Amino acid sequence: MDFGFTPEQDKLRQEVRTFLEEELRQGLWKPQSDAWIQGFDPEFTRRIAKKGWLGLMWPAEYGGQGRGYVDRLIVTEEMLRFGAPAACHWFADRQIGGSILQYGTDSQKKELLPRIVAGDVFVGLGMSEPEAGSDLASLKTRAEEQDDCFLVNGQKTWTSGGSYINYIDLFARTDFDAPKHKGISEFLVPMDLPGISRIPMIDITGTEAWNDIFFDNVRVPKDCLIGDRGKGFYHVVEELAYERGGMERLMGNYPLYEALLNFVRQSNHNGAPLIDAPGIRTLISDLETEFEVGRLLMYRAAAVMEEGRAPTIEASISKIYGTTFEQRLAAASVEILGSYGQLWEGSVQAVMDGLAAHSYLASRGYSLQAGSTEVLKNVIATRGLGLAS
Amino acid sequence: MDVRLTETQEMLKASSREFLAESCPTTSVREARRSDAGFSRELWRSMAELGWLGLALPERAGGSDMGFLDLCLLTEELGRACVPSPFVDTIAGCALALTTSGREEADRLAMTIAEGDSIVVPALHGARDNQGFESLPVLSRKGDTYSLTGTTMFVPFASAASLLLCAARSADAPERDYLLVIPANAEGVLCSPLTSMGDQRPGEVRFDSATVHDDAVLYEGQVATEARERAIRRTEVARCCDIVGALQWVLDDTVAYAKERRQFGQPIGNFQSLQHYCADMRIMLDGLRTASYYAAWQAGEECDAERSVAVACAYAHKVVPTIVGLAHQIHGAMGATQEHDLHLYTTRALAPSHGLAPLDEYRQIVLQR
C-alpha cells in the first residue's frame, strides 16, 4: 500500500495548475460550479488537447500517452479545482474513448480516438429515456438491423451537452425477443444524421442543462455499432463504474467550496471573523474532514481501476459519498449566508458570485444522475455484501 | 499510488486472523475482560513469540523493522477479534517512542517489551485543573535525582503495567517538557482503576514526590514535546485501525444476521430499508478505513501526519456511533443483550469516546491547514 504520488505525477499536477492559472490570469474563462458538465468551451478543449491531456491513458498509436487512471484523476482534479470549462470533452475523454478502446474495431479506434485526443469529438450520453431511468434495461428506443444500416426510432432524455455535441453514445434495443438486459446494443452516432432532433430542457437554476433527443427513422451506418450486438447493457454497467468513480462526484461545486472557505476567513460578523464563531468552525471543519476522506475514496477508486478491476463497489461508494458531500456543502453555504444565500450572481449585494444559490439548486441532481443514491445502495448491498436482489 | 496490500501485508493479516480465530474466540475475550489484568498474559506471551510485539521495532531492539503501516494492519486484526490488550498503547505508542530516543537503555527496555517481559503504558495526559487546563505532572530537581508530582489520566491497563511512559513539565520552566520512564510500582506512584464501559482498563495515576533517576529521562525540552505528540498521534492512528477491524466484524456479523433472521416469511435482509442500512455502514466504514490507512501510511513515512491523523479521528468520532447504531437496529433486541457478541464490539468500537481526544480538538487541527 502506497498513497504517494510519483515525481512524474507531481510534475503533471503542477503543469496543469500552472496552465490553468495562466488561463485565469488572461481572463479566458471564469471558475464555475458544474463547469465539467455545463461549461462548454470548444476552444478551451482544444487548448487542453494541445497539452496532451485528453485521452491521456490511451496508447500512443491513437494519440494518447499510455498513462494511468491516477494520472487522469490528477488532471481532472485540477480542472475541477479551478472550475474550468471542460464540458465539451468530458464524456468522450472519461468513458466513450475507453469503450471504443475496449470494444471497438480497429478502424473505429483509428478514426475516432485521435479525433477525441485532438479535442474535436464532443459526445453526449444517450442512455436514459422517459420510461427508463433507474431501470435502464427497460429502454425502448429501437435499432432495427436492415441491409445497410440500423433504423433507429425513439427518444433519449437527460442528454448533457446541448447544441455542442457532435456524437451521441446511443444505447438502443436491437433484439426484441431477447431478455431485456440482452437485447441492447451500443452505437456512437453522428448527431448530423437526418432524422435526429433535439429539444432543450431547462434545469432548476434556469440553465439549459440537457436535451431530449429524438430519433425519427434515423439510418445509422452499421459501423457505428460499438462492440458486439446485444452486449450494450454490459458495456453500460462497466462504463458506469468509471463514470461514477471520478472526482467530479466530489468536486463538482468546488468553486463554491473555495469561495466559502475564503468567505468565512475574510468576513466579519458583528465585529468578529466568521471563522471564529464556534458553530461556523464546527461546520467548516466537518466539511473539511468529509472532503479529505472523500478525496481519498476517489483516489482509491482510481487505484482499483489501475489494478485492472472494474471498481463497481468502490465507485458506487465514491459516488454516494461524494454527492452527499456536495449537497451538504451547498446546504452549509446557504446556512452560513442566511438571506444572502439566495442571491444570484449579478444581483445587488450578491456574495460569493451567487455560487451558493446556484449550487443549492443544482446539487439536487447530483444524487440522481449516473445512478441514484438508492440504486447504488442496492448495488452495494447486493453485489458488495451479498444480500438478496 | 497503490491501495493493494503487499504480499507480506496480506500474509501478516491472514496469519494473524487465523491465529486469533483459534486462540482468542469471543469466549476468551469475555474471560479476559473479567480477569484482574483485563487481558490474557498468556496470549500476550504468544504474541511476543509470534514477533508481533516487536514488529515495527528496529532490529537492534529485537524487532523485525517492519513499517508502522504494517503494525496498524496487525492492530486492525486485533480489533476484528476484539482482543483486549495494551497492544495499541504499548506497542504503537510507547515502544516506538523508546527506540527513537537513540538511548541504549531505552533500546534495551524496548527489547524487553518485544519479548513480552515488560509492559510499558503511556501516561501522557495530565488531569484537568478546575479551569479545564490539562496539567502534566511536574518534575523538579531534588539533589541527585528528580521528583515527580501530579496526576495523569486514562492510563490504559495501568494496574497491569510494569512501567509508565510519563510526560512531565519542569517545575522551574513551565515550557520545558520531559518524557520519562518510571516503574509502576515505584514509591510515590499510586494507581486507581477507573470503571468504564470500554475494555482498556483505564486508570488514574498519581505521582506524589516519586523519585526519577537521571537515566530514566528519555527526552527533554522541545524533543520531549515532539516525542509526546508523536506517541499520541501513533496511538491514535493505531486506535483508528483497531476500530476499523472491530467495525468490519460488526458489518460482517450484521449482514450475516440479516440473511439468517426471518420475519414476515423471509430473511429481514431482503428488505430494502435494511439493505440500505447495511450499504450505509459499508460506505462509512470504507471512508474510515481509507482515512486510517492514509494516516498510518503518513505517520510511517516521517511526513507530518498531524492533519491526516486528525481527519481520521474526527471522521471516526462522526461515523462510529452511526455504524454501531445501525448494527444494533438491524440486530433488534438481541443486540442489546450480553448473550450476543455484538456488545463486545460496541464497547470496543466506541473507542472515540474513550481512546481518542474529544472531537473538537481534532476539528481545530483540521482547520489549521
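The structure displayed is predicted, hence computed values, not measured ones.

A. The arrangement of the overall build of chain A in detail. Assigned secondary structure in chain A consists of 13 helices and ten strands. Here the C-alpha radius of gyration of chain A, 21 Å, is about what a compact globule of 389 residues would show, namely 21 Å. Its C-alpha atoms give chain A principal-axis dimensions of roughly 75 × 45 × 45 Å. Counting over 389 residues, chain A shows a buried share of 51%. Considering only intrachain contacts with a sequence separation of at least 6, the fraction spanning at least 24 residues in chain A is 71%.

B. Representation of the overall build of chain B within the structure. Along chain B, the regular secondary structure elements total eleven helices and twelve strands. For a compact globule of 369 residues, the expected C-alpha radius of gyration is about 21 Å, and chain B comes in at 21 Å, within 12% of that figure. Dimensions along the principal axes, computed over C-alpha positions, put chain B at roughly 80 × 45 × 45 Å. Out of the 369 residues belonging to chain B, those deemed buried represent 52%. Sequence-distant contacts in chain B: of pairs separated by 6 or more residues, those separated by 24 or more amount to 71%.

C. Structural view of the domain arrangement of chain B. Residue and element names in this part refer to chain B. Each domain of chain B was delimited in the assignment, giving domain 1 (7–118), domain 2 (122–220) and domain 3 (224–367). Each of domain 2 and domain 3 was reduced to a C-alpha centroid, and the two centroids are 30 Å apart. In this assembly, 13 residues from domain 2 lie in contact with twelve residues from domain 3. Those elements that place two or more of their residues in the side of domain 2 that touches domain 3 are strand 7 (177–183) and strand 10 (217–220). It is strand 7 that contributes the most residues to the side of domain 2 that touches domain 3, three residues altogether. Split into classes, the residues belonging to the side of domain 2 that touches domain 3 amount to seven nonpolar, three polar and three charged.

D. How the structure looks around the packing of helix 11 (residues 312–337) of chain A against helix 13 (residues 373–384) of chain A. Residues and elements named next belong to chain A. It is the contact of helix 11 with helix 13, at a shortest axis distance of 9 Å, that shows an interaxial angle of 145°. For helix 11 against helix 13, the interelement crossing comes out left-handed. On the side of helix 11, the interface is formed by T312, I313, S316, I317, K319 and I320, while helix 13 contributes T373, L376, K377, V379, I380, R383 and G384. When grouped by side-chain class, the residues that make up the contact of helix 11 with helix 13 number six nonpolar, four polar and three charged.

E. Looking closely at the interface of chain B and chain A. Taken together, the 33 residues of chain B in the interface contact 32 residues of chain A. When residues of the side of chain B that touches chain A are traced back to their parent elements, those giving at least two are helix 7 (222–260), helix 8 (272–300), helix 9 (306–331) and helix 11 (359–367) of chain B. A per-element tally of the side of chain B that touches chain A places helix 8 of chain B first, with 13 residues. In terms of residue class, the side of chain B that touches chain A is made up of 19 nonpolar, eight polar and six charged.

F. Structural context of helix 6 (residues 106–117) of chain A. Residue and element names in this part refer to chain A. The terminal C-alpha atoms of helix 6, which comprises twelve residues, lie 16 Å apart, in line with the 16 Å expected from a rise of 1.5 Å per residue. Restricting attention to buried positions, one finds in helix 6 the residues L112, L113, I116 and V117. Seen along its axis, helix 6 keeps its buried residues to an arc of 130°; they face one direction. Where the residues of helix 6 are buried, they touch helix 3 (42–51), helix 5 (87–103) and strand 5 (184–190). Directly beyond the C-terminal end of helix 6, a positive phi value near 80° is found at G119.

G. Looking closely at the domain arrangement of chain A. All names here are of chain A. For chain A, the assigned domains are domain 1 (7–120), domain 2 (124–230) and domain 3 (245–384). Taking only C-alpha atoms into account, the centre of domain 1 sits 25 Å from that of domain 2. Between domain 1 and domain 2, the contact holds 13 residues from the first and twelve residues from the second. Those elements that provide at least two residues to the side of domain 1 that touches domain 2 are helix 2 (35–38) and helix 5. Broken down by element, the residue count for the side of domain 1 that touches domain 2 peaks at seven residues, all from helix 5. Per-class residue counts for the side of domain 1 that touches domain 2 are ten nonpolar, three polar and no charged.

H. Geometry of the packing of helix 7 of chain B against helix 8 of chain B. Residues and elements named next belong to chain B. Close contact between helix 7 and helix 8 brings their axes to 9 Å; oriented N to C, the two are set at 155°. When the axes of helix 7 and helix 8 are compared, the pair comes out roughly antiparallel. Crossing of helix 7 against helix 8: the hand is left-handed. Side by side, helix 7 and helix 8 meet where R233, R234, V237, C240, C241, V244, L247, Q248, L251, T254, V255 and A258 of the first sit next to L274, C278, M281, R282, L285, L288, R289, S292, A295, A296 and A299 of the second. Considering only residue class, the contact of helix 7 with helix 8 consists of 16 nonpolar, three polar and four charged.

I. Highlighting the confidence of the model for chain B. In the predicted model, chain B carries a mean pLDDT of 95, and the fraction of residues at 70 or more is 100%. Reported confidence for the predicted complex is 0.93 by ipTM and 0.95 by pTM.

J. Structural context of the nonpolar core. Membership of the largest hydrophobic core comes to 242 residues, with the highest contact counts inside it found for A:F187, B:L164, B:I182 and B:I323. Leave out the neighbours within four places in its chain, and B:L164 touches B:V121, B:A123, B:V155, B:I182, B:A184 and B:V205.

K. Representation of the pairing of strand 9 (residues 203–212) of chain B within the structure. Residue and element names in this part refer to chain B. Relative to strand 9, strand 5 (residues 145–155) is paired through seven bridges, and the arrangement is antiparallel. Following the sheet pairing, V155 is matched in strand 9 by G203. Sheet topology places strand 8 (residues 189–193) next to strand 9; five bridges connect them, and they run antiparallel. Its bridge partner being in strand 9, S192 is matched across the sheet by E204.

L. A look at the environment of B:G265. Here B:G265 shows up in the loop between strand 11 (262–263) and strand 12 (266–267). For the pair B:G265 and B:E10, spaced 255 residues apart in the sequence, the C-alpha separation amounts to 41 Å.

M. Structural view of unusual backbone geometry. Residues and elements named next belong to chain A. Positioned with a positive phi, W158 is a non-glycine residue whose angle comes to about 60°. With respect to the helices and strands, the residue W158 is situated in strand 3 (residues 149–160). On the basis of neighbour count, W158 is assigned to the buried category, with 21 C-beta atoms found within 10 Å.

N. Molecular detail of helix 4 (residues 68–80) of chain B. Residues and elements named next belong to chain B. In a regular helix each residue adds 1.5 Å, so 13 residues correspond to 18 Å; helix 4 covers 18 Å between its end C-alpha atoms and thus fits that length. With 13 of 13 residues buried, helix 4 lies mostly within the body of the structure. Positive phi shows up at C82, right after helix 4, with a value of about 60°.

O. Highlighting the pairing of strand 3 of chain A. Bridge count for strand 2 (residues 142–145) of chain A against strand 3 of chain A is four bridges, and the pairing is antiparallel. When the bridges of strand 3 of chain A are listed, A:E144 appears paired with A:L151.

What counts as what
Residues numbered from 1 in each chain as written. Chains lettered and ligands numbered in written order. Predicted model: local features only at pLDDT ≥ 70, side-chain atom pairs only at ≥ 80, totals over all residues. Helix = DSSP H or I, 4+ residues; strand = E, 2+ residues; numbered from the N terminus. Rg over C-alpha atoms; globule rule 2.2 N^0.38 Å. Buried ≥ 20, exposed ≤ 12 C-beta atoms within 10 Å, placed from the backbone. Contact = placed C-beta atoms within 7 Å. Domains from an automatic or database assignment. Nonpolar A, V, L, I, M, F, W, Y, C, P; charged D, E, K, R; others polar. Axes fitted to C-alpha atoms, helices over the stretch in contact; angles between N-to-C directions. Left-handed = near helix turned anticlockwise from the far one by under 90°. Expected span 1.5 Å × (residues − 1). Arc of directions from axis to C-beta. Parallel < 35°, antiparallel > 145°, perpendicular 65-115°, else oblique. pLDDT = per-residue confidence, 0-100. Core = buried A, V, L, I, M, F, W, Y, C linked by C-beta atoms within 7 Å. Pairing = 2+ DSSP bridges.

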